[in-house]
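In case you want the letters, here they are:
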Amino acid sequence: MSSSFKFDKNAFMREVQREAQKGIDQMAREQNRELERMSATYTGRPIEEIKPALQRLFARYDGKITDPELTEWAQLISDGTKITLKPDRIRF
């Protein structure tokens, strides 16, 4: 009795890419929900009060944000401007 195995590398990589994209899209949805909650909580509040909350959000996802970006985002939240993250498409 003989058996053989053929590995389709291209099909495998397409599936890996599809699953990775699903994970990134899910993470963006979660972060957008958190940003919406922050906006509901912090609209009209001082920037210095919002910045630590934003830092915690980024830290939960192992993200990094510079102080100028943090200030800009905090100002947007304080102003009631909606922030929506849109993930890029993964390419291998």
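Before any of the text, the structure's been laid out above.
Given the structure is predicted, the values throughout are model-derived calculations rather than measurements.

Some words on the environment of Q55
Part 1 of the argument: Positionally, Q55 belongs in helix 2 (residues 47-60).
Part 2 of the argument: Residue classification places Q55 among the partly exposed residues on the basis of a relative accessible area of 43%.
Part 3 of the argument: As for Q55 and I65, which are separated by 10 residues in sequence, their C-alpha atoms are 7.6 Å apart.

Observations regarding the pattern of salt bridges
Part 1 of the argument: Following the criterion strictly, the structure yields 8 salt bridges and no others.
Part 2 of the argument: When the shortest N-O distance is used, the salt bridge between E15 and R18 registers 2.9 Å. In this pair, E15 and R18 are both assigned in helix 1 (residues 9-42), 3 residues apart and thus about one turn of the helix distant.
Part 3 of the argument: On the basis of relative accessible area, E15 is assigned to the partly exposed category, the value being 35%.
Part 4 of the argument: Among the residues examined, R18 registers a relative accessible area of 47% and is labelled partly exposed.

With respect to the nonpolar core
Part 1 of the argument: Among the nonpolar cores identified, the biggest contains 14 residues, and L35, M38, Y42, I50, L54, W73 and I77 are the most heavily contacted of them.
Part 2 of the argument: Here this core gets 6 residues from one element, more than from any other, and that element is helix 2.
Part 3 of the argument: In this structure, I77 is in contact with L35, M38, S39, Y42, T43, I50, L54 and I83, ignoring residues within four places of it in sequence.

Here we look at the side chain of D25
Part 1 of the argument: With respect to the helices and strands, D25 occurs in helix 1.
Part 2 of the argument: For D25, a relative accessible area of 19% gives the class buried.
Part 3 of the argument: When neighbours within four sequence positions are excluded, D25 is seen to be in contact with P87 and R89.

Quick notes on the environment of I50
Part 1 of the argument: Within the secondary structure, I50 sits in helix 2.
Part 2 of the argument: What makes I50 buried here is its relative accessible area of 0%.
Part 3 of the argument: Along the primary structure I50 and T71 are separated by 21 residues, whereas in three dimensions their C-alpha atoms are 8.8 Å apart.
Part 4 of the argument: Beyond its immediate sequence surroundings of up to four residues, I50 is in contact with M38, Y42, R45, A74, I77 and S78.

A word on the packing of helix 2 against helix 3 (residues 67-79)
Part 1 of the argument: At a minimum axis distance of 9 Å, the contact between helix 2 and helix 3 shows a crossing angle of 115 degrees. One way to sum up the angle between helix 2 and helix 3 is to call them roughly perpendicular. Between helix 2 and helix 3 lies a crossing whose hand is right-handed. Taken together, the residues of helix 3 that come into contact with helix 2 (itself represented by I47, I50, K51, L54, Q55 and F58) are D67, L70, T71, W73, A74, Q75, I77 and S78.

Quick notes on the rules
- Residues numbered from 1 in each chain as written.
- Predicted model: local features only at pLDDT ≥ 70, side-chain atom pairs only at ≥ 80, totals over all residues.
- Heavy atoms only, no water.
- Helix = DSSP H or I, 4+ residues; strand = E, 2+ residues; numbered from the N terminus.
- Buried < 20%, exposed > 50% of the residue type's maximum accessible area, 1.4 Å probe, protein only.
- Salt bridge = Lys/Arg side-chain N within 4 Å of Asp/Glu carboxyl O.
- Core = buried A, V, L, I, M, F, W, Y, C linked by side-chain atoms within 4.5 Å.
- Contact = heavy atoms within 4.5 Å.
- Axes fitted to C-alpha atoms, helices over the stretch in contact; angles between N-to-C directions.
- Parallel < 35°, antiparallel > 145°, perpendicular 65-115°, else oblique.
- Left-handed = near helix turned anticlockwise from the far one by under 90°.

By themselves, these observations are geometric and do not establish any function.
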